[in-house]
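Here are the chains, one letter per residue:
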Amino acid sequence: MIEARRVLVLAPHADDEVLGCGGTLALFAERGARVTVVVVFDGALGDPDGRFDGEGYAARRAAEARAGGAHLGVTSYRFWELPEGHAPSDAELRAFVPRLDALARELRPELVLAPWAGEAHADHRAVARAVELWLAEGAAPTEVWGYEVWSDLAPEHLVDVSGVWPAKLAALAEHDTQLAYRDLAAWCEARAHRLGAGALEAFRRFDVPVTTEVP
Ligand SMILES: [Zn+2]
């Protein structure tokens, strides 16, 4: 993975950027990189038991994300607030491509991080598929790597995030709406230690389709 100065993270839901690559983002931020997180879905289905006030729930999750990002040195967040849980078709996902193009033109990321294509969660797969469609059009100007949240990937790159692990846990701790359902820290601990010594975050490069275009 390159030493990027500008990093764009596509997170299906607020918290995925922490769960999947929060330590790596903290390391990039520490080295002066500008990290922008785009949260794609509104997260409205994240409270199946109705434990939180439905009105303002999306805003609450956005506030949690920003508070979490502050622990990682990430201050730039955007929220697309698309309705989650409807498994969009390829035709619908193609509508993302111009939007991703516009983001890339504006932010000029050298590295894009997105959920890897094998995630079991439908919203995660949808974002990964949109990225694949983007790559298939030869449009992505940059390195694109997948991170894991709920489903293990076969890593091509590991980042040792032991040194920033407390920051990752502090970021996770801001996500009260999700902690009400799941011990996210325990989940991350198990994931981070499954691949060897130290706390590791795992990445896999998105397959870039063969293109004849000259860059
Ligand atoms: Zn998610």
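Once a new chain begins, its residue numbering starts again from 1 and follows that chain's sequence as written. Confidence filtering applies because this is a predicted model: local features only for residues at pLDDT of at least 70, side-chain atom pairs given and counted only at 80 or more, and all residues used for totals across whole chains, interfaces and linings.

### Observations concerning the nonpolar core
Right, so step 1: Membership of the largest hydrophobic core comes to 54 residues, with the highest contact counts inside it found for Val 9, Leu 10, Val 39, Leu 113 and Val 131.
Right, so step 2: By definition, any uninterrupted DSSP run of H or I lasting at least four residues is a helix, any uninterrupted run of E lasting at least two residues is a strand, and each is numbered from the N terminus. The greatest single-element share of this core, amounting to seven residues, is contributed by helix α1 (residues 16-30).
Right, so step 3: Any pair of residues counts as being in contact when their C-beta atoms, constructed from backbone geometry, are within 7 Å of one another. Those residues in contact with Leu 113 that sit more than four places away from it in its chain are Val 7, Val 9, Cys 21, Trp 145 and Tyr 147. To form a nonpolar core, buried Ala, Val, Leu, Ile, Met, Phe, Trp, Tyr and Cys residues must be joined through C-beta atoms within 7 Å. Each residue is classified by how many other C-beta atoms fall within 10 Å of its C-beta atom, where C-beta atoms are placed from the backbone; a count of 20 or more means buried, 12 or fewer means exposed, and values in between mean partly exposed.

### Some thoughts on the confidence of the model for the protein chain
Detailed reading of the predicted model is not advised wherever pLDDT is low.
Right, so step 1: Confidence scores per residue from the predictor, reported as pLDDT, run from 0 to 100. Per-residue confidence for the protein chain averages 90 on the pLDDT scale, and 95% of its residues sit at or above 70.
Right, so step 2: Within the protein chain, no element has a lower average pLDDT than helix α3 (residues 90-94), which sits at 88, and none a higher one than α1, at 98.
Right, so step 3: In the model, residues 211-215 has pLDDT below 50 throughout and makes two contacts with residues more than four positions away in sequence or in other chains.

### Description of the sheet that holds strand β5 (residues 143-147)
Right, so step 1: At least two DSSP bridges between two strands are required for those strands to pair. With mixed pairing, seven strands are arranged side by side in an open sheet as β3-β2-β1-β4-β5-β7-β6. One side of each edge strand has no neighbouring strand; the edge strands of this open sheet are β3 (76-82) and β6 (157-160). Averaged over all adjacent pairs, the angle separating strand axes in this sheet is 25 degrees, with direction ignored.
Right, so step 2: Bridge count for β5 against strand β7 (residues 200-205) is three bridges, and the pairing is antiparallel. Note that in β7 the partner of Trp 145 across the bridge is Arg 205.
Right, so step 3: Against the sheet, α1 makes contact with β1 (6-11), β2 (34-41), β4 (111-115), β5, β6 and β7, and its axis sits at roughly 170 degrees relative to β1, the strand it touches most. Fitting a line to C-alpha atoms yields each axis, with helices limited to the stretch in contact; the angle taken between N-to-C directions then spans 0 to 180 degrees.

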